[in-house]
Amino acid sequence: MINLIVQFIRKIKVNPAFWIVIFGAVFTGHFREIIVWFFVVLIHEMGHFAGAHLFKWRISRIDLLPFGGAAVVEEHGTRPFHEEIWVAILGPLQHVWMTGLALMLNSMGIISPDDFTWFLLLNFTLFTFNLLPIWPLDGGKIAFALFTKWMPFKFAQRQFLLWSAFLLITGGAWQLYLQPNHLNLWVICAFLLVAHILEWKRRHYVFIRFLLSKMQQNPSKRTRTLIVPPTMPLSKVTSRLIKGISHSIVVKDHNPITLEEKELLEAYFHKHSPECAIGQVFR
């Protein structure tokens, strides 16, 4: 347990925007509140870290952000559905037991009703905010896992980011209209917007990593047959692959050919141009 905590501390990286929030709190005389908030965020991220460690994910770092934190992992979009859901939800779940502990301490008279009310509001705010279906919040990661479970990965990736950006822009604009002088809100909205732009730019890299992971994974019990014309490029065929499903590809021609998923991916990465027609590759 101690070793796990040491590993967690070594992974922590403080985002520059986090210091703006700290400065604002200290400047306005809320030093005690920011210290409590800091430890609540750490416990939240410890939940993510413990889940990722349990499933043997590679964890790059733990970023402390204006709205909380974010565990940066190498397995984004490549691990089984249940693992991604558990790792995402284990952060918000920490607020449940912390609220229960505060309730017990309040009933014993150890903390005042005012402090309990503030702590309850803090946990409720972090819990609900992080479960918003907006990237890169926990709710956004859960939504992304749901999108990729039922849709082709490349299509799901694009649709989710557009949908998430729409929610961010409309919801953020509404909140900024209501609270135009809220500095922390401006920082949070700016950070989330930048996160969307960066994720959009790296979406092809994430897709390639998804394809590489399918090459290395064992065949899934869930199977699906894709019927494609011989003129379809390899890139178009791979864009129809769904996460967690093993595909058989039938090239519909005068003499139909049936391929396994790994044969397609081997040709895509090692043998031919991604824009080469599948009928020319497999003749």
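In this report, the structure presented in the accompanying data block is examined. What you see is a predicted model; the values in this text were computed from it and never measured. (Residues numbered from 1 in each chain as written. Predicted model: local features only at pLDDT ≥ 70, side-chain atom pairs only at ≥ 80, totals over all residues. Heavy atoms only, no water.)

### Description of the overall build of the chain
In terms of regular secondary structure, the chain is built from twelve helices and six strands. Its C-alpha atoms give the chain principal-axis dimensions of roughly 80 × 45 × 30 Å. In the chain, which comprises 283 residues, the proportion classed as buried is 45%. Considering only residue pairs separated by 6 or more positions, the chain has 64% of its internal contacts joining residues 24 or more positions apart. Between the averaged position of the 27 positive side-chain charges in the chain and that of its 17 negative side-chain charges there is a distance of 6 Å. (Helix = DSSP H or I, 4+ residues; strand = E, 2+ residues; numbered from the N terminus. Buried < 20%, exposed > 50% of the residue type's maximum accessible area, 1.4 Å probe, protein only. Contact = heavy atoms within 4.5 Å. Lys, Arg positive; Asp, Glu negative; His and termini not counted. Charge placed at Lys NZ, Arg CZ, Asp CG, Glu CD.)

### A short note on the pattern of salt bridges
Across all of its chains, the model carries five salt bridges by this definition. Residue Arg-79 pairs with Glu-83 through a salt bridge whose shortest N-O separation is 3.2 Å. On the basis of relative accessibility, which here comes to 18%, the residue Arg-79 falls in the buried class. Residue Glu-261 pairs with Lys-214 through a salt bridge whose shortest N-O separation is 3.4 Å. Residue Glu-261 is located in helix H11 (residues 261-271), and its partner Lys-214 is located in helix H9 (residues 203-216); the two are separated by 47 residues in the primary sequence. The exposure classification of Glu-261 matches that of Lys-214, with both residues buried. (Salt bridge = Lys/Arg side-chain N within 4 Å of Asp/Glu carboxyl O.)

### Some details on the nonpolar core
If you look at the biggest cluster of nonpolar residues, it comprises 31 residues, and the most contacted ones within it are Leu-211, Ile-249 and Ile-278. Sorting the residues of this core by element identifies helix H6 (138-150), helix H7 (153-178), H9, strand E4 (223-228), helix H10 (234-238), strand E5 (246-251), H11 and helix H12 (278-281) as the ones contributing at least two each. Tallying contributions element by element places H9 first for this core, with six residues. Sequence-distant contacts of Ile-278, that is, excluding residues within four places in its chain, are made with Val-228, Pro-229, Pro-230, Met-232, Leu-234, Val-237, Ile-249, Val-251, Leu-259 and Leu-264. Core analysis: the next-biggest nonpolar cluster, separate from the first, contains 28 residues, Leu-4, Ile-34, Met-46 and Ile-59 among them. (Core = buried A, V, L, I, M, F, W, Y, C linked by side-chain atoms within 4.5 Å.)

### Quick notes on the sheet that holds E4
Pairing between sheet strands relies on hydrogen bonds along the backbone, with the strands arranged either parallel or antiparallel. One open sheet holds the three strands; their spatial order is E4-E5-E6, and the pairing between them is mixed. The open sheet has two free edges, formed respectively by E4 and strand E6 (257-260), since each of these has just one partner strand. Taken pair by pair, the neighbouring strands of this sheet meet at an average axis angle of 25°, ignoring direction. Looking at chain direction, E5 and E6 are connected through four bridges and run antiparallel. Of the residues in E6, the one forming a bridge with Val-251 is Ile-257. Contacts between H11 and the sheet are confined to E5 and E6, with E6 contributing the most and set at about 80° to the helix. (Pairing = 2+ DSSP bridges. Axes fitted to C-alpha atoms, helices over the stretch in contact; angles between N-to-C directions.)

### Let's talk about the packing of H7 against helix H8 (residues 183-201)
Running from amino to carboxyl end, H7 crosses H8 at an angle of 165°, the nearest separation of the two axes being 11 Å. Classified by the angle between their axes, H7 and H8 sit roughly antiparallel to one another. For the crossing formed where H7 meets H8, the hand is left-handed. Along its contact with H7, which presents Arg-158, Leu-161, Leu-162, Ser-164, Ala-165, Leu-168, Gly-172, Gln-175 and Leu-176, the element H8 presents Leu-185, Trp-186, Cys-189, Leu-192, Leu-193, His-196, Glu-199 and Trp-200. When grouped by side-chain class, the residues that make up the contact of H7 with H8 number eleven nonpolar, four polar and two charged. (Parallel < 35°, antiparallel > 145°, perpendicular 65-115°, else oblique. Left-handed = near helix turned anticlockwise from the far one by under 90°. Nonpolar A, V, L, I, M, F, W, Y, C, P; charged D, E, K, R; others polar.)

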